[in-house]
Amino acid sequence: MFGRTRQKFAIGATSALMITAVAVGTVAANPIKSADFDLQVSAGAKTCLPDARAEVHIKSVGPVEVMTLDATGLPPKTNFDFFVLQVPKAPFGVAWYQGDLETNHEGEAHGRFVGRFSIETFAVAPGTASAPVVFDGPFPDASLNPAFNPIQMYHLGVWFNSPADAQKAGCAATVTPFNGEHNAGIQVLNTAQFPDDQGPLLQIHN
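On a predicted model such as this, the values are computed, not experimentally measured, just so you know.

1. Here we look at the side chain of S42
- Positionally, S42 belongs in the loop between β1 (34–41) and β2 (53–60).
- Assessed through its relative accessible area of 2%, S42 is described here as buried.
- Discounting residues that sit within four places of it in the chain, S42 has contacts with Q187, V188, L189 and N190.

Next up, the structure:
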């Protein structure tokens, strides 16, 4: 009797161990550490830069992600500004200035950025506080921030650094705030092929 009980216990323990192993395997399989996707030409740049596009690769390396961007079809020897966005097109929502891109003589640009580019990418303002006023151009700095709960940011966008460069390329010379001094040109590339609430950074789960 005792032998049978022990045998049943051993079988039960083995089954439980197998179930646990399957569960652990499922959890281990869930994290997605890399993603590949494109940036498409923005609506406002389709007529002047119809061939503009970029390929993006993101790889998680633990506490951060490494993002590489390779763009083609852009004007040569021109500067651009790269942003992480709440939504990919107007009104854009919250935007984070991630870095710069510069094209070569063939209109190609390569960028490498290290940061948090995953399901955990967000901005938050727990309270209102004073902010430094440094630039007072067409889009002057705010001296006070609004408070807001965490806002997830999963989209990307690229802007002309200068309205003059945009005009030189045959695009509109509209002034936007999307560079370091808040006097950039129009948006050139974005991730609008993804739904507003499901941007491509959402693919990366750590």
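2. Considering the environment of Y154
- Tracing the chain through its elements places Y154 in the loop between β8 (148–152) and β9 (155–160).
- Among the residues examined, Y154 registers a relative accessible area of 9% and is labelled buried.
- Residues Y154 and S118 lie 36 residues apart in sequence; the distance between their C-alpha atoms is 7.5 Å.
- For Y154, the contacting residues outside a window of four places in its chain are L85, S118, I119, T121, G199, P200, L201 and L202.
- Within the structure, Y154 has its side chain in polar contact with the backbone oxygen of I119 (distance 2.5 Å).

3. Comments concerning the layout of surface pockets
- Put simply, the largest pocket is a space of about 1100 Å³.
- Lining the largest pocket are 33 residues, with V94, A95, W96, Y97 and H182 positioned closest to its centre.
- Those elements that place two or more of their residues in the lining of the largest pocket are β4 (79–85), β5 (95–102) and β7 (122–125).
- Counting residues per element, the lining of the largest pocket draws most heavily on β5, which supplies four residues.
- Classifying every residue of the lining of the largest pocket gives 24 nonpolar, six polar and three charged.
- Here the second largest pocket is characterised by a volume of approximately 200 Å³.
- Contributing to the lining of the second largest pocket are 15 residues, with S42, A43, K89, Q187 and N190 lying nearest its centre.
- At the level of secondary structure, the elements contributing two or more residues to the lining of the second largest pocket comprise β1 and β10 (187–190).
- Looking at the lining of the second largest pocket, its residues break down into seven nonpolar, six polar and two charged.

4. Here's the deal with the state of the cysteines
- Taken as a whole and judged by the stated rule, the model has one disulfide.
- Between C48 and C171 runs a disulfide, and the two sulfur atoms are separated by 2.0 Å. What sets the handedness of the C48 and C171 disulfide is the S-S torsion sign, and at about 100° it is right-handed. Residue C48 is located in the loop between β1 and β2, and its partner C171 is located in the loop between α2 (163–168) and β10; the two are separated by 123 residues in the primary sequence. Side by side, C48 and C171 carry an identical accessibility label, which is buried.

5. Digging into the side chain of S60
- Within the secondary structure, S60 is located in strand β2.
- The buried category is assigned to S60, whose relative accessible area is 8%.
- At 3.3 Å, the side chain of S60 forms a polar contact with the side chain of E65.
- Setting aside its immediate chain neighbours within four residues, S60 contacts K33, E65, I204 and N206.

6. What to know about the sheet that holds β4
- Taken in spatial order, the eight strands of this open sheet run β5-β4-β9-β10-β1-β2-β3-β6, and their pairing is antiparallel. Looking along the sheet, the strands with just one partner apiece sit at the ends: β5 and β6 (109–115). In this sheet, adjacent strand axes meet at a mean angle of 25° when their direction is disregarded.
- Bridge count between strand β3 (residues 65–72) and β6: seven bridges; the pairing is antiparallel. When the bridges of β6 are listed, M67 appears paired with F113.

Parameters at a glance
Residues numbered from 1 in each chain as written. Predicted model: local features only at pLDDT ≥ 70, side-chain atom pairs only at ≥ 80, totals over all residues. Heavy atoms only, no water. Helix = DSSP H or I, 4+ residues; strand = E, 2+ residues; numbered from the N terminus. Buried < 20%, exposed > 50% of the residue type's maximum accessible area, 1.4 Å probe, protein only. Contact = heavy atoms within 4.5 Å. Polar contact = N/O pair within 3.5 Å; in protein donor to acceptor, adjacent residues only side chain to side chain. 1 Å grid on protein atoms, 1.4 Å probe; cavity = no way out; pocket = protein on both sides within 12 Å on 5 of 7 lines; lining within 4 Å. Points joined across faces, edges and corners; volume = space filled by probe spheres on them. Nonpolar A, V, L, I, M, F, W, Y, C, P; charged D, E, K, R; others polar. Disulfide = S-S within 2.5 Å. Pairing = 2+ DSSP bridges. Axes fitted to C-alpha atoms, helices over the stretch in contact; angles between N-to-C directions.

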